[in-house]
Structure formats: C-alpha cells, structure tokens
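Take a look at the letters that make up each chain.
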Amino acid sequence: MNNAEVAFACASAFVDGLVASGLEHVCVSPGSRSTPIVLAFARDDRVWVHVHLDERASAFVALGIAKASGRPAAVVCTSGTAAANLFPAVVEASMSRTPLLALTADRPPELRGVGANQTIDQRDLFGRYVRWHVDAPVPDERRDAGRLWRLLGREAYEHACRPGPVHVNLPYRDPLVPGGEAVPFDDEPSFSTEARAPGFGRAPTEEDVEALVSVLGGVERGLVYVGSLRRPATEIVELGARLGWPVVAEPTSGVRVPGTLAAGGALLADEAFARGHVPDLVVQFGAAPTSRPALAVVGTAGGLVIVDPDDLVADPHRRASRRFVVDAAGLADAATRRLAHREDGEWMSRWRTADAAARHAIDATIDGWDEPFEGRLARDVAAAAPEGSVLLVGSSMPVRDLDGYMAPREGLRVLANRGASGIDGFVSTALGVAATGATTTVLCGDLTLLHDVGSLLWSARGRHDVVFVVPNNDGGVIFSFLEHRALPELEELFTTPHGLDLGAVCAAAGAGHRRVERARDLVPTLDRARDDGGVQVVEVPIDRERNVRRHAEVQAAVAGAVGEG
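Residues numbered from 1 in each chain as written. Predicted model: local features only at pLDDT ≥ 70, side-chain atom pairs only at ≥ 80, totals over all residues. Heavy atoms only, no water.

1. A closer look at the sheet that holds strand 10 (residues 304–307)
Our working rule: Paired strands, in this sense, are two strands between which DSSP finds at least two bridges. Helix numbers and strand numbers start at the N terminus; a helix is a DSSP run of H or I with at least 4 residues, a strand a run of E with at least 2. For helices, the fitted line uses only the C-alpha atoms of the stretch in contact; every axis is such a line through C-alpha atoms, and the angle between N-to-C directions lies from 0 to 180 degrees. Any two residues having at least one pair of non-hydrogen atoms within 4.5 Å are treated as being in contact.
Overall, parallel pairing links the 5 strands, which are arranged 8-7-9-10-11 in an open sheet. Either end of the sheet is taken by a strand with one partner, and the two such strands are strand 8 (247–249) and strand 11 (322–324). On average, each strand axis in the sheet is tilted by 15° relative to the strand beside it, whichever way the strands run. Sheet contacts for helix 8 (residues 235–243): strand 7 (222–226), strand 8 and strand 9 (281–285); angle to strand 7, the most-contacted strand, approximately 175°.

2. Quick look at the layout of surface pockets
Condition: Detection works on a 1 Å grid of protein atoms alone, calling trapped sets that fit a 1.4 Å probe cavities and calling open sets with protein on both sides within 12 Å along at least five of seven lines pockets, with lining residues defined by an atom within 4 Å of a point. Grid points are joined across faces, edges and corners, and a volume is the space filled by probe spheres set on the points. Each residue receives one of three labels: charged for Asp, Glu, Lys and Arg, nonpolar for Ala, Val, Leu, Ile, Met, Phe, Trp, Tyr, Cys and Pro, and polar for the others, Gly being one of them.
The computed volume of the largest pocket comes to approximately 1,200 Å³. For the lining of the largest pocket, the secondary-structure elements that each account for two or more residues are helix 9 (264–269), helix 10 (271–276), helix 11 (292–300), helix 13 (346–367), helix 15 (397–405) and helix 22 (544–564). For the lining of the largest pocket, the per-class residue count stands at 22 nonpolar, 8 polar and 9 charged. Space inside the second largest pocket adds up to approximately 720 Å³. Lining the second largest pocket are 33 residues, and of these Met95, Ser96, Ala287, Leu312 and Gly419 lie nearest its centre. Among the elements of the structure, helix 3 (55–69), helix 5 (87–96) and strand 13 (412–416) are those that each provide at least two residues to the lining of the second largest pocket. Counting residues per element, the lining of the second largest pocket draws most heavily on strand 13, at 4 residues. Looking at the lining of the second largest pocket residue by residue, the classes come out as 15 nonpolar, 9 polar and 9 charged.

3. A short note on the nonpolar core
For the record, the criterion: Side-chain atoms within 4.5 Å are what join buried Ala, Val, Leu, Ile, Met, Phe, Trp, Tyr and Cys residues into a set we call a nonpolar core. Between buried and exposed lies partly exposed: a residue is buried under 20% and exposed over 50% of the maximum accessible area for its type, with that area taken using a 1.4 Å probe on protein chains only.
Formed by 39 residues in total, the largest nonpolar core has its most connected members in Phe41, Leu101 and Leu103. Mapped onto this core, the elements with two or more residues apiece are helix 1 (3–21), strand 1 (25–28), helix 2 (35–42), strand 3 (73–77), strand 4 (100–106), helix 6 (145–160) and strand 6 (165–171). It is helix 1 that provides the largest number of residues to this core, a total of 11 residues. Ignoring sequence-local partners within four residues, the contact set of leucine 101 consists of Leu18, Leu23, Pro72, Ala73, Ala74, Val75, Ala156, Tyr157, Ala160 and Val166. Formed by 33 residues, the second largest nonpolar core is a distinct cluster that contains Val213, Ala249, Val326 and Ala332.

4. What to know about the pairing of strand 3
The buried fraction of strand 3 is high, at 5 of 5 residues. Note: strand 1 against strand 3, 3 bridges, orientation parallel. Bridge assignment links cysteine 27 to a residue of strand 3, and that residue is valine 75. Note that strand 3 and strand 4 share 5 bridges and pair parallel. Opposite cysteine 77, over in strand 4, you have threonine 104 as the bridge partner.

5. Some thoughts on the environment of proline 309
Note on placement: proline 309 falls in the loop between strand 10 and strand 11. Judged by relative accessible area, proline 309 falls into the buried class, the value being 13%. Along the backbone, proline 309 and valine 325 are 16 residues apart, and their C-alpha atoms lie at a distance of 4.8 Å. Residue contacts for proline 309: discarding those within four places in its chain leaves Phe200, Gly201, Leu229, Gly286, Phe324, Val325, Val326, Asp327 and Ala328.

6. Describing the pattern of salt bridges
Worth spelling out the cut-off: A side-chain nitrogen of Lys or Arg and a carboxyl oxygen of Asp or Glu constitute a salt bridge if their distance falls within 4 Å.
Counted according to the given criterion, the structure contains 38 salt bridges. Note that arginine 147 is salt-bridged to aspartate 144, the shortest N-O span being 3.7 Å. Relative accessible area serves as the criterion here: at 32%, arginine 147 is assigned to the partly exposed category. As a salt-bridge pair, aspartate 380 and arginine 376 come within 3.1 Å of each other at their nearest N and O atoms. Of this pair, aspartate 380 and arginine 376 both sit in helix 14 (residues 374–384), 4 residues apart, which is roughly one turn of the helix. A relative accessible area of 13% places arginine 376 in the buried class. Ionic contacts of the salt-bridge type, sharing partners, join the residues Arg359, Asp363, Asp367, Arg376, Arg379 and Asp380 into one network.

7. Examining the side chain of serine 34
Along the chain, serine 34 turns up in the loop between strand 1 and helix 2. The exposure class of serine 34 is buried, given its relative accessible area of 0%. Excluding its chain neighbours within four sequence positions, the residues that come into contact with serine 34 are Ser29, Val76, Cys77, Thr78 and Ala105.

8. Points about helix 11
Basically, it comes down to this: When we speak of the arc, we mean the arc of directions from the helix axis to the C-beta atoms. Polar contact criterion, stated in full: a pair of N or O atoms within 3.5 Å, where within protein one must be able to donate a hydrogen and the other to accept it, and residues adjacent in sequence count only if both atoms are side-chain atoms.
Buried within helix 11 we find Ala294, Val297 and Val298. All buried residues of helix 11 lie within an arc of 95° about the axis, which places them on one face of the element. For helix 11, the exposed residues set more than 90 degrees away from the buried face come down to Arg292 and Thr300. Residues of helix 11 that are buried make contact with strand 7, helix 9, strand 9 and strand 10. N-cap assignment for helix 11: the residue whose side-chain oxygen lies 3.2 Å from the backbone N of alanine 294 is serine 291.

9. Some words on empty space enclosed by the protein
Taken as a whole, this structure holds 5 cavities of 30 Å³ or more when the rule is applied. As for the largest cavity, its lining consists of Phe200, Leu229, Arg230, Arg231, Pro232, Ala233, Pro309, Asp310, Asp327, Ala328 and Ala329. Broken down by class, the residue content of the lining of the largest cavity amounts to 7 nonpolar, no polar and 4 charged. One number sums up the size of the second largest cavity: a volume of about 60 Å³. Lining of the second largest cavity is provided by Glu250, Pro251, Thr252, Thr290, Val399, Arg400, Asp403 and Arg418. Class assignment of the residues belonging to the lining of the second largest cavity gives a composition of 2 nonpolar, 2 polar and 4 charged.

Written out as structure tokens, the structure reads:
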C-alpha cells in the first residue's frame, strides 16, 4: 500500500468527520501537495466545492460563505506561500468571530528546515489569530486510522463553532495521487451526529439579568448603542423603549429597524447636539462603535456597560464598569421583562424631535441634487435591496455613508468585513456571500473593487448572482475627510487616482457593466442589473471634491435643523 492510497483514505475519513458535523462548503485552489485532501472533498457529494485560482481570494470566499450562512466554511491550499496567503482572511475571521477552517497541506516533517522546495514552517502559522490549531500527523496504515482522522475532523469543526478560525496543518509524503486501491481500516462508517452551528454567546444567568437591571433601573438620561453583531437582536429595541432611552444602531448590527433613531449617526456627529446631550450611561451591545463621533460619545458618557456576546473586549477607551459576555438577545429580553415601563420624558422627547428634524434635513438636502452623491447612494441602495436579501458593504467611505444615511428598515441583513476593516479580499467575500444562495447587493468603492480585481476576473463568468454598486471617485476619497487632506503628497501617496476604465475591466472579466449619471436613475438600473443575473457592476461616477463639499452641506443642514428645534 503506497503513501498516496493511505493519504487519500485518511483525508477521506477527515472530510467525513467535517461533513458529518455540518460542513457544507469548501474553497480550494490548485496545488500538488494538497491533492489528497482536495480529492477527498471533490469525491464527497455532500459538500459544495468552490475552486479559485488565488489562495488569498479563496480564503475570502470561504469567509463570505461563513458570514452569510453563520456556519463554518473551509479553505484548502497547498504548502509554502500559498498557506501564508490565507492570513488576511484568518485575521478578519478572528476579529469578527467568523467560523473558518483553514486547512493547509504541508511537506512531511523530515523536509522542514532543510531547504526543501516550497516548504516553510507552517506549524502555528497564524499564531494567536486562530482559536485552535493542530499539526496533524503524516497519514499511516494503522487499523484505527480512519476513526482517528474522523475524530480530528469533528474536533476541528467543533472548535470552529466557538466561533472563529481554526487551523489544521496536513503533512503528506509523496506520492500524492491515489491509484484506487482500498485501505483496510478497522472503523465504523460516517459519524451519526447532529450538525452543529456556532452559538451567539452563553445564555444569561439570573445573576446577569439582576446585575444589568440594577444598573439600568435608576438612570433616566441613557443611550443604547448597538455595534456589529453576528446575530440581530431586535429585543434591544424593546429594551430601549422600556427604558425611555434612544437606540442608535449601526447597519451591521442587524438592529437598524423601526424603533431605532432614523438619523442617530448624524445627531452624534453634530457637535452642538452631542455636547448638550451627554448620556449618564451608555449600554453598548456588540462591537465597539466604528465612527469617531460615536466613539467620542461612548468615551465621554457618565458610564459604560457592554454586552459583548463574542468576547470581543469591545472597549477601546477602557471605561466599561461591567461587561456581560452573554447572548445579547437573551439578556435584552430578560431585562426588559424585569424593568418597569418608563414613559418618555424630556430626555427621550428631545432625542425624538431632533432625530425627526435631522432625518428630514438629510433627505430634503440630498434629494435636491440630481448628480450622484455617495451618501444618497448608500441610502437608496439600502432602501431598494430586496426583502430578505443581503447587503455587503465595503470599508472606508461606503460603511460610513451607510451608517450616516441608511434609514431604518426590516428584511435586510447588512454584512461587512469590519473585524479588521480591511479592503482586501472584498470581491471574494461578496462572491462567497452569493454562493450561499442569498440575493446579494454590494456597495464598495472603486479601489476596493480593484484591490481584489483578480477575483472578479476569475469568477465573473461563474454561477454567482451579485450586483456591485461602485461609486467611482478615482481613488481613496476617505483621506480627503482625514487630517491627510492638508498634505502636499495627498494625491501621490494616499488618494492614489487610478484612471482606469471600469467598463473595460468588467468586459475583460465577462461581468455586466452599467453607468449611472443621475441619482434618480440608480434604483431602476439596479433592478435591471438584478434581472440580468450573474455578476453585474453598476458604476456611479463621483466628483471627489464636490463629494467632500456635499458631505459638509448635509452636516450643515442637520446642524441648522437640529438647532432650530
């Protein structure tokens, strides 16, 4: 029995352990050393196999699948630098608590550290960014090998359900291609086990509920802030109503629904309003705020309590007096039932009045402009996304614009790579979201699209249906909103205008392409793009300098409206 047959048999048992535990999707890239594990996945008809040329992109496709499905997805690669290319997706998975299985093929131990080709030290390659890792043994012919490899597959899947990324390093000896001879393992067939899915934090105890209620009960001037959550917890909205406190929810929280403030981000960004409405206590659910104004409010409030279901330690100011590492929905619901209903007082009335004025000012201002504006794009894309669909939003300006302009609505799930807030691998993440079958709309900048253009070129002719909305301001406009704007090297080193024809890029990739020159044409164009199917790019040219001025005009309109109120 040669090494190839043994390796394939052990890999098949390992895959069986993963799939029996609940794994449904795996992303692979071509490579020689990974032959046993790739063949094992390909020959198991219970799992979807997604092939991508580039390992970094492949890992982000798996990340998108995991984020959209809420279940572990796997990425498989060959040895050497291929394994290192998984690192960006592993970091994002770690910071956003996304269940990801990184399976790296490797050379056997005797070839490590001796200058063998395509060999690096892959043991503990991802360091503290993975929840668990193991350097698996080289497959052998022992009679109980099948049982041991199935157990390893199940163990790896269960660790990913914590949730977060895990790493299994799989060394194989030559030869690598099996000839078809069966390996006589003494073990049982596939595990009979119920498929598992990651949890959303431990259930709150009686002590947790009592502790939160005791903190909240006597505070009238409070604020509920909801950052990114893996699972929407709309019970938080009812908690705010019971307390008589405003609820500000980021789009990626899944809680930007009716009952939350319609222009909460704009109010927090208005310096005069924020100074006059410093809360005595902020209860923060989920990740730390991503906008500077929201961080400032959390940092200056009289007190801070955090409900942190994923143990993110979401407290950059180190101000929290108490942190509850429990399920957000369960704790909010239990606390609501314990608290007496408080009628809206002056505090809540002032927030509601200001919120209505700010929302009206935003909409009236941006609806008066015929040329496209990035804030209106964000508002209209979110409003027009189909019921029950997913909106994936890019980092830098798009996620900020969505936070500032999206009106509350139900029936839309908003995802983003906000764990580490990078723009790399974003197109791949979108393709992964679409691979789950979700109706997928994407809002991202031109540089974000181009940064992962290889994935667009590789996958646009595939079976994915996804619409990308790309405000094209020819560079990184976010730096025009930061201190960098005063630097003489702004264009050369930071904005980096590219001058590329996105239509030509899409034509090369086989993706559909449309341009929108007037704001009112966006939604009809999105509908036509969605009807055409496949990968579609809706490009919206944006004048960078005018866009900066328009943001300032909206802020001034909000300030005027809130000040008059």
